[in-house]
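Examination of the molecular architecture
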Amino acid sequence: MIYMSDVSKVYSNGSVALADVTVEIGKGDFIFVVGPSGAGKSTFIKLIFREELPTSGRLVVNGRNVVDMMPKEVPYLRRGLGIVFQDYRLLPNKTVYDNVAFAMQVIESSRREMQKRVHNVLDLVGLRHKVRTYPSELSGGEQQRVAIARAIVNNPVVVIADEPTGNLDPDTSWEIMKVFDTINKAGTTIVMATHDKTVVDAMKKRVIAIEKGRIVRDQVKGVYGYED
Ligand code: ADP
Ligand code: ADP
């Protein structure tokens, strides 16, 4: 699903964010990316959706060569991905329904079909009853559920998330993790950068630890491994 080979990323100011990273992520995997601040986790995530390009190395995501991709191919890459951020990034002037519907590919799906899909994903995240509300009327956890609904409405093969519970209290974080677990059990690959030690230790998923731009650990049923 995702294949990185000798990938390095050096920012224009000379910061080496990733150095010679080689890793393979399979279909249906659930991966936690952990490591200290500044280790390169966000950069790892950004390369996958081509927010940043590698300085060197090979990167294939969902069968597409991300490095040699023509600019016009980028939207096709991103349509196969769902992206969730720490700060939700919802459109404040749109309702929950419109935030999710807005993300839908307007391929030849009928209005009726579109409504059905939006309602289905809102059911999945437990927010169907909030369909007419605006983001400012929702708690942080609810806003993140909307963001997850938006991320999965196009049935992506991979959902990538950068610190999705970073702004949430522990109970709410658990609820959000259960949603990701449900999505993963339906076959979607999940790649999540996180500092949530409790969640990582409890969920026993594959853990990739990055330090100073290098993968220092790749465990099948991994632990967080840091004290923060
Ligand atoms: P993490 O997500 O683990 O905190 P990042 O991937 O954000 O790590 O950062 C890795 C390194 O790259 C850090 O040294 C950081 O300062 C640097 N870095 C990240 N983004 C940029 C950027 N846009 N320009 C320059 N340096 C950056
Ligand atoms: P949480 O316990 O998850 O932090 P809150 O206490 O923030 O949740 O919100 C509880 C409920 O009140 C939620 O259903 C939320 O949608 C609703 N709510 C919170 N803030 C507002 C608001 N400003 N206007 C309308 N409803 C709100």
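How each quantity is defined
Residues numbered from 1 in each chain as written. Chains lettered and ligands numbered in written order. Predicted model: local features only at pLDDT ≥ 70, side-chain atom pairs only at ≥ 80, totals over all residues. Heavy atoms only, no water. Near = heavy atom within 4 Å. Polar contact = N/O pair within 3.5 Å; in protein donor to acceptor, adjacent residues only side chain to side chain. Helix = DSSP H or I, 4+ residues; strand = E, 2+ residues; numbered from the N terminus. Nonpolar A, V, L, I, M, F, W, Y, C, P; charged D, E, K, R; others polar. Core = buried A, V, L, I, M, F, W, Y, C linked by side-chain atoms within 4.5 Å. Buried < 20%, exposed > 50% of the residue type's maximum accessible area, 1.4 Å probe, protein only. Salt bridge = Lys/Arg side-chain N within 4 Å of Asp/Glu carboxyl O. Areas by Shrake-Rupley, 256 points an atom, 1.4 Å probe, with all protein chains shown as cover.

Here we look at the site of ligand 1
The full set of residues close to ligand 1 is Tyr11, Asn13, Ser15, Ala17, Pro36, Ser37, Gly38, Ala39, Gly40, Lys41, Ser42 and Thr43. The separation between an oxygen atom of ligand 1 and a polar main-chain atom of Gly40 is 3.0 Å. Top contributing element to the shell around ligand 1 by residue count: helix α1 (residues 41-48), with three residues. In terms of residue class, the shell around ligand 1 is made up of four nonpolar, seven polar and one charged.

Observations concerning the nonpolar core
Of all hydrophobic cores here, the largest spans 43 residues; its most connected members are Phe32, Val34, Val100, Leu122, Ile148, Phe180 and Met192. The element contributing the most residues to this core is helix α5 (residues 140-152), with six residues. Core analysis: the next-biggest nonpolar cluster, separate from the first, contains 30 residues, Met4, Leu59, Leu81 and Ala193 among them.

Topic: the pattern of salt bridges
Under the criterion given, the structure shown has eleven salt bridges. With a shortest N-O distance of 3.8 Å, Arg145 and Glu175 are connected by a salt bridge. Residue Arg145 is located in helix α5, and its partner Glu175 is located in helix α6 (residues 170-185); the two are separated by 30 residues in the primary sequence. Residue classification places Arg145 among the buried positions, given a relative accessible area of 16%. Owing to a relative accessible area of 34%, Glu175 belongs among the partly exposed residues under this scheme. Residues Glu175 and Lys178 are paired through a salt bridge, measuring 3.3 Å at the closest nitrogen-oxygen approach. Residue Glu175 and its partner Lys178 are located together in helix α6, separated by three residues, close to a single helical turn.

Overview of the site of ligand 2
Around ligand 2 lies a shell formed by Lys130, Ser136, Glu137, Leu138, Ser139 and Glu142. A distance of 3.0 Å separates an oxygen atom of ligand 2 from a polar atom in the side chain of Lys130. Between ligand 2 and Glu137, the relevant distance is 3.0 Å, taken from an oxygen atom to a main-chain nitrogen or oxygen of the residue. The protein chains hide 36% of the 560 Å² of surface that ligand 2 would expose on its own.

Interpretation note: all reported values are geometric properties and have no functional meaning in isolation.
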